[in-house]
Amino acid sequence: MHRVRTVLNNLVPLAPLIHNAVGPEGFASWLLRSGNASCTVMVSSTRHYNAPVQTEPFLNGSSSAYVEEMYNAWLADPKSVHVSWDSFFRNSTAGAAPGQAYQPPPSLAAPGRNQVPVTSIAPYLGGSGAPALGGQINEKVIDDHLAVQAIIRSYQIRGHHIAKLDPLGISSADLDDKHPPELLYSHYSFDEADMDRVFKLPSTTFIGGKEKALSLREILRRLETAYCRHIGCEFMFINSLEQCNWIRQKLESPGIMEMDHDEKRLILARLTRATGFESFLARKWSSEKRFGLEGCEILIPAMKQVIDKSTELGVESIVMGMPHRGRLNVLANVCRKPLEQIFTQFAALEAADDGSGDVKYHLGTYIERLNRVTNKNIRLAVVANPSHLEAVDPVVQGKTRAEQFYRGDGEGKKVMSLLLHGDAAFCGQGIVYETFHLSDLPDYTTHGTVHIVVNNQIGFTTDPRHSRSSPYCTDVARVVNAPIFHVNSDDPESVMHVCKIAAEWRATFHKDVVIDIVCYRRNGHNEIDEPMFTQPLMYRKIKNTPHVLDKYAEKLIQEGVVTPEEVKDVKEKYEKICEESYVNARKETHIKYKDWLDSPWSGFFEGKDPLKVSPTGVKEDTLVHIGKRMSSPPPNAAEFIIHKGIERILKSRMEMVEARVVDWALGEAMAFGSLLKEGIHVRLSGQDVERGTFSHRHHVLHHQTVDKATYRPLCHMYPDQGPYTVCNSSLSEFGVVGFELGYSMTNPNALVCWEAQFGDFNNTAQCIIDQFISSGQAKWVRQSGLVMLLPHALEGMGPEHSSARLERFLQMSSDDPDYFPPESEEFAVRQLHDINWIVANCSTPANYFHILRRQIALPFRKPLILMTPKSLLRHPEARSSFDLMTENTEFLRVIPEEGAATENPSGVKKLLFCSGKVYYDLKKARNEKKLEKDIAIARVEQISPFPYDLVKKECAKYPNAALCWAQEEAKNQGSWTYVQPRFNTTLNGSRDVSYAGRPTAASPATGSKMQHLRELTALLDDAMAV
Ligand SMILES: Cc1ncc(C[n+]2csc(CCOP(=O)(O)OP(=O)(O)O)c2C)c(N)n1
Ligand SMILES: [Mg+2]
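Residues numbered from 1 in each chain as written. Chains lettered and ligands numbered in written order. Predicted model: local features only at pLDDT ≥ 70, side-chain atom pairs only at ≥ 80, totals over all residues. Heavy atoms only, no water.

Asks: I'd love a proper account of the nonpolar core, names of residues and values included.
Replies: Membership of the largest hydrophobic core comes to 170 residues, with the highest contact counts inside it found for Leu299, Ile342, Phe343, Leu418, Ile452, Ile515 and Ile517. Of all the elements, helix α15 (residues 492-509) adds the most residues to this core, at eight residues. Met656, Phe672, Tyr724 and Leu866 belong to the second-largest nonpolar core, a separate cluster that totals 51 residues. (Core = buried A, V, L, I, M, F, W, Y, C linked by side-chain atoms within 4.5 Å. Buried < 20%, exposed > 50% of the residue type's maximum accessible area, 1.4 Å probe, protein only. Helix = DSSP H or I, 4+ residues; strand = E, 2+ residues; numbered from the N terminus.)

Written out as structure tokens, the structure reads:
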């Protein structure tokens, strides 16, 4: 109210009504400003193009007869004409000046629940708004009502700019100290005398509750309460009236924020635990980094409120992602992870299980427990994450989506995601935007995420003014029409109120929502950092700011909700719990990484032979059945019109099936279809994957004359098959790869594939590849069988459509180049078990078929990085017979030479090893040079883990051959740097392996077709030299 009074005191007194009615800032001035004409009703045939709108002679030649008629009717019975004309004729006859007789017609819309006609409150309209001109409602009344409406709307739109959000009172959350002029009452035509005038409330506000009209004073007071205290809400940009009204109601309804004593005590108890946890850690491990929550302890009650409300509304499982700040506190007090497990992380203990582990504030967890407030069981998972801020966001979404999918929770009523963010990271990291853009896509939505920003108004040492260009750190959320609730962390009840609204919003609209807790960071970035170096004034203020717990306890004591003894008692009880756990933790001798697993696969590993791979070949019947389905239009749908080009493709597929061969696309469909037959869920996601970038896949057929009528043959293979999802994604790699990785974490019995448009683009998801896919199992003991399909080959398409950067994946493979594992029956599977991922470049559809199926046949899960072809998709030789896919066939890690060279191996002069598409170039060159007997070519299909045993066998087969690795990539790229030391280990120094390929290069490929061909010829000549 302080602001209201100050501003009102500054109001310019209003000039007398009508003559000088409304100043230039008046709301209805566009209706009222008059011209100089002296007569009231002018009938003119001359149009005054430059006349002000109010004097626009709408009574022109053709309309004058109409008006005259109406005027006569009005004289007979004023009710016989529209009220606007009634008003016009009344004012005109009463002598209103030109332009002043016009009254805008009332809204044709039916009055809302909360609305009363202006006329019905005429008796209340005292003061300077007294009716003039013969008892009619005059322009001033309308103008003032419009002004009131505009004021209400201004508060709804911009009230948040002046809400008191910063608990330190130093800066503005929107980085702007100015008051928007619409919230300055001098902008409107009121003075103190107007304050007690009563105004009808428009249907766009709920401040009245049951009352339909309020005094201006009360209107302003209620608006201040709703929009300018400790909650600032941005929501009026949402383009749904229903949603805007919903929020207005939640913020404006009188008494909406009132809480009973039990609710207040619960906040206090939760705040006590949150605060007690940090101070306990600070005492016991004063020099340890823990990225404490001090300054935003309210986060814990806030999260619990979101969880309580959501469980009450039906949610059973919550998947969370969060950064370092306050993570241990969340694990302890939100997830209720045993304190002993947390405390043992502070002791330098040996791990009892495999893996290299991670620092304590990155680890995940999974808990199932009873929510005591709602008395319902709940599952909480915090997904492990790297230091890379926000990178976990899409992973959480993918995991959530998968959980919803397996539960049949198509609307997100049972499973939800909760994402926590830091202020600097939320606005700084592009992945936040990419993740938001998944939020409403049919195959990626999680049906609403609750985002909570721990906005401590600093990022490490950087001030917000240097870390963002947008007013708020949350502005990125506006792109998806998410409401944003900014709230002062030191007002726990306001924080709880917005958390409740956020949970209800999600449950009602299934859309994202953001809670921005404006707080501070009591310590440095971590506990051993000195914040006074860089933020001296802020930290001086922080030192003098009491803890929110103390402030809130004091408030509740004042209100008589609790006694000082109770406050002390709750604190001491929690202290005791911590002490007991501390004592128990000290007895532990080992830590267990498994205790920190975020996605347990119960029943998957149990009772399995860890080295037994199921067969990947399938019955011929299965191949024929899938092949035919993939070659046919929708059954029983003659009216489904298929594109002629697709008809040709289907026909050629059918011919292949009849000839018992598959090309790449059909081989893939056989792999997917046969897994679906076994009840495995298959999901293929990525840019344009439905058709396939190279127009080879066509997993979705489109009716040529009916919009959105489609047919997905793989969804209709078998009546009891597993579900198949194929979905074109948003144009994001970071977001979508992260999402699919998360999806793959939920259930091991699913083949989850992500395909890059061209392999080259995978590096925009480098963070997910490095931090999660390559190293996730080692750090967090969790596995993933994600398949990355990366089109890769040098085919003259230039530097950006050639290389998936195979070398980079190989460089991150964890097998030892100097170690040849013991040879045994289980050599291959043991290698797979021990490595971090599989990198392969298949040259045949049959091998592609097997390697996809092997992902599921393995008794564990490993990511598969697959270089996939482009020109080979249509290469006549890149076809495989059914014979290579039926029972008793398997994935070939190495495809040995099968031609003439095998007839006399000791006469072979050169043994070429290669991988992928270059094989076909080499073969062709060998034919052309008639060197089939002199040169043997072996294909290394699985590059990593390196098939030491099979490479050794091939080398031994050709004892007199020179050994050579041929590749199309540059020497510092492709496989060479990976295979070279491994060849040396295989051969133990007995034979050399030379290199045939492009020289080293900075760019993956030339942009010149000519140069490309020259390079190719050179490498083939080099390889063919005997
Ligand atoms: C992608 C990324 N870049 C840089 C860092 C280094 N870093 C760690 S914390 C931090 C500041 C984060 O600020 P904010 O998001 O506001 O969270 P706060 O620490 O204030 O809670 C930075 C830059 C990081 N962890 N991740
Ligand atoms: Mg911060």
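There's plenty left to go through after this.
Asks: Residue-level account of the coordination of the magnesium ion (ligand 2), with values.
Replies: On the protein side, the magnesium ion (ligand 2) has Asp423 (OD), Asn456 (OD1) and Ile458 (O) as donor atoms, found 2.0 Å from it. The sequence motif formed by the donor residues of the magnesium ion (ligand 2) is D-x32-N-x1-I. (Donors = N, O, S within 2.8 Å, 3.2 Å for Na, K, Ca; no water.)

Asks: Account for empty space enclosed by the protein, naming residues and giving values.
Replies: In total, this model carries eight cavities of 30 Å³ or more according to the counting rule given. The space that makes up the largest cavity amounts to roughly 80 Å³. Leu741, Met745, Phe772, Ile773, Gly776, Gln777, Arg782, Gln783, Ser784, Asn836 and Pro863 are the residues that line the largest cavity. Mapped by element, the contributors of at least two residues to the lining of the largest cavity are α22 (734-746), α23 (766-774) and α24 (776-780). (1 Å grid on protein atoms, 1.4 Å probe; cavity = no way out; pocket = protein on both sides within 12 Å on 5 of 7 lines; lining within 4 Å. Points joined across faces, edges and corners; volume = space filled by probe spheres on them.)

Asks: Account for the sheet that holds strand β10 (residues 484-488), with residues named and values stated.
Replies: Taken in spatial order, the eight strands make up an open sheet running β3-β10-β11-β9-β8-β4-β7-β6, and their pairing is mixed. Whereas interior strands pair on both sides, the edge strands pair on one side only; in this sheet they are β3 (231-234) and β6 (365-371). For this sheet the average axis-to-axis angle between neighbouring strands, irrespective of direction, equals 20 degrees. Alignment of β3 against β10, held across four bridges, turns out to be antiparallel. Bridge pairing in β10 links Gly232 to His486. Those strands touched by helix α9 (residues 299-312) are β4 (317-321), β6, β7 (376-382), β8 (415-422), β9 (449-455) and β11 (513-518), and its axis lies near 165 degrees from that of β8. (Pairing = 2+ DSSP bridges. Axes fitted to C-alpha atoms, helices over the stretch in contact; angles between N-to-C directions. Contact = heavy atoms within 4.5 Å.)

Asks: I'd like a rundown of the confidence of the model for the chain, residues and numbers included.
Replies: For the chain, mean pLDDT is 88; residues scoring 70 or higher make up 87% of the total. pLDDT under 50 marks residues 1-62. Its contacts with residues more than four places away, or in other chains, come to 103 contacts. Scored below 50 in pLDDT, residues 126-134 makes 19 contacts in the model with residues more than four places away or belonging to other chains. (pLDDT = per-residue confidence, 0-100.)

Asks: Mind laying out the site of ligand 1, listing which residues take part and the relevant values?
Replies: Around ligand 1 lies a shell of 15 residues, among which Arg325, Ser387, Asp423, Ala425 and Asn456 are the nearest. One of the backbone nitrogen or oxygen atoms of Ser387 is found 2.9 Å away from a nitrogen atom of ligand 1. Asp423 places a polar side-chain atom, nitrogen or oxygen, 2.5 Å from an oxygen atom of ligand 1. In the complex, 75% of the free accessible area of ligand 1, which totals 580 Å², lies under the protein chains. If you tally residues by element for the shell around ligand 1, the top one is helix α13 (residues 423-428), at three residues. Here the shell around ligand 1 is composed, by residue class, of five nonpolar, eight polar and two charged. (Near = heavy atom within 4 Å. Polar contact = N/O pair within 3.5 Å; in protein donor to acceptor, adjacent residues only side chain to side chain. Areas by Shrake-Rupley, 256 points an atom, 1.4 Å probe, with all protein chains shown as cover. Nonpolar A, V, L, I, M, F, W, Y, C, P; charged D, E, K, R; others polar.)

Asks: How would you sum up the pairing of β4? Please name residues and give values.
Replies: Among the five residues that make up β4, five are buried, leaving the element largely enclosed by the rest of the structure. Of the two faces of β4, the one carrying Ser317, Val319 and Gly321 and the one carrying Ile318 and Met320 are both buried. Two elements, β4 and β7, share four bridges in a ladder whose sense is parallel. Looking at β7, one finds that Ile318 is bridged to Leu380. Relative to β8, β4 is paired through five bridges, and the arrangement is parallel. In the sheet register, Ile318 faces β8, and the bridge partner there is Met416.

Asks: Give me the lowdown on the packing of aromatic side chains, citing residues and values where you can.
Replies: The tally for this structure, following the rule as stated, stands at 33 aromatic pairs. Ring centres of Phe405 and Tyr743 lie 6.3 Å apart, and the angle between their planes is 50 degrees; on these two criteria the pair is classed as tilted. In this pair, Phe405 is assigned in helix α12 (residues 392-407) and Tyr743 in helix α22, connecting sequence segments 338 residues apart. When its relative accessible area of 29% is taken as the criterion, Phe405 is described as partly exposed. Taken together, the ring pairs connect Phe820, Phe827, Phe913, Phe946, Tyr948, Trp965, Tyr978 and Phe983 into an aromatic cluster. (Phe/Tyr/Trp six-rings, centres within 6.5 Å; stacked < 30°, edge-to-face > 60°.)

Asks: Break down the state of the cysteines for me, citing the residues and quoting the values.
Replies: Counted according to the given criterion, the structure contains zero disulfides. As a non-bridged cysteine, Cys233 has Cys244 as the owner of its nearest cysteine sulfur, 9.4 Å distant. With no disulfide of its own, Cys427 lies 5.9 Å from the sulfur of Cys473, the closest cysteine sulfur. (Disulfide = S-S within 2.5 Å.)

Asks: Please give an account of the side chain of Glu755 that cites residues and values.
Replies: Looking at the element boundaries, Glu755 is found in strand β18 (residues 750-755). In this structure the side chain of Glu755 is engaged in a polar contact, spanning 2.8 Å, whose partner is the side chain of Arg697. Setting aside its immediate chain neighbours within four residues, Glu755 contacts Leu684, Ser685, Gly686, Gln687, Val689, Arg697 and Leu789.

Asks: Can you explain the sheet that holds strand β21 (residues 864-868)? Please cite residues and give values.
Replies: The seven strands are arranged β17-β14-β18-β19-β21-β20-β26 in an open sheet whose pairing can be described as mixed. Both outer strands of the open sheet, β17 (724-728) and β26 (942-944), are each paired with one neighbouring strand and no more. The average angle at which neighbouring strand axes cross in this sheet is 20 degrees, direction not considered. Alignment of strand β14 (residues 681-686) against β18, held across six bridges, turns out to be parallel. Considered in β18, the bridge of Val682 is made with Leu751.

Asks: A description of α9 should follow, citing residues and the corresponding values.
Replies: Compared with the 20 Å implied by 1.5 Å per residue over 14 residues, the 20 Å span of α9 between its first and last C-alpha is a close match. Buried residues dominate α9, accounting for 13 of its 14 residues. The positive-phi residue at the C-terminal boundary of α9 is Gly314, with phi of around 115 degrees. (Expected span 1.5 Å × (residues − 1).)

Asks: Can you explain the side chain of His525? Please cite residues and give values.
Replies: By the element assignment, His525 lies in the loop between β11 and α16 (536-543). Look at His525 and you get buried, because its relative accessible area is 13%.

Asks: An account of unusual backbone geometry is requested, with residue identities and associated values reported.
Replies: The general pattern is negative phi for most residues beyond glycine and trans for most peptide bonds. Put simply, Ser944 and Pro945 share a cis peptide bond, and its omega is 0 degrees. Tracing the backbone through its elements, the reader meets Pro945 in the loop between β26 and α29 (948-957). Within the chain, Asn481 stands out as a residue other than glycine whose phi angle is a positive 60 degrees. Position of Asn481 relative to the elements: it lies in the loop between β9 and β10. The backbone of Arg805 shows a phi angle near 60 degrees, a positive value even though the residue is not glycine. Structurally, Arg805 can be placed in the loop between β19 (787-791) and α25 (806-811).

Asks: Give me the packing of α12 against α22: which residues, what numbers.
Replies: Following both chains from N to C, one finds α12 and α22 inclined at 45 degrees, their axes separated by 6 Å at the closest point. Between α12 and α22, the crossing angle belongs to the class labelled oblique. Of the two elements, α12 crosses α22, and the hand of that crossing is right-handed. Here Pro394, Val395, Gln397, Gly398, Lys399, Arg401, Ala402, Glu403, Phe405 and Tyr406 of α12 come into contact with α22, specifically with Phe734, Gly735, Gly738, Phe739, Leu741, Gly742, Tyr743, Met745 and Thr746. (Parallel < 35°, antiparallel > 145°, perpendicular 65-115°, else oblique. Left-handed = near helix turned anticlockwise from the far one by under 90°.)

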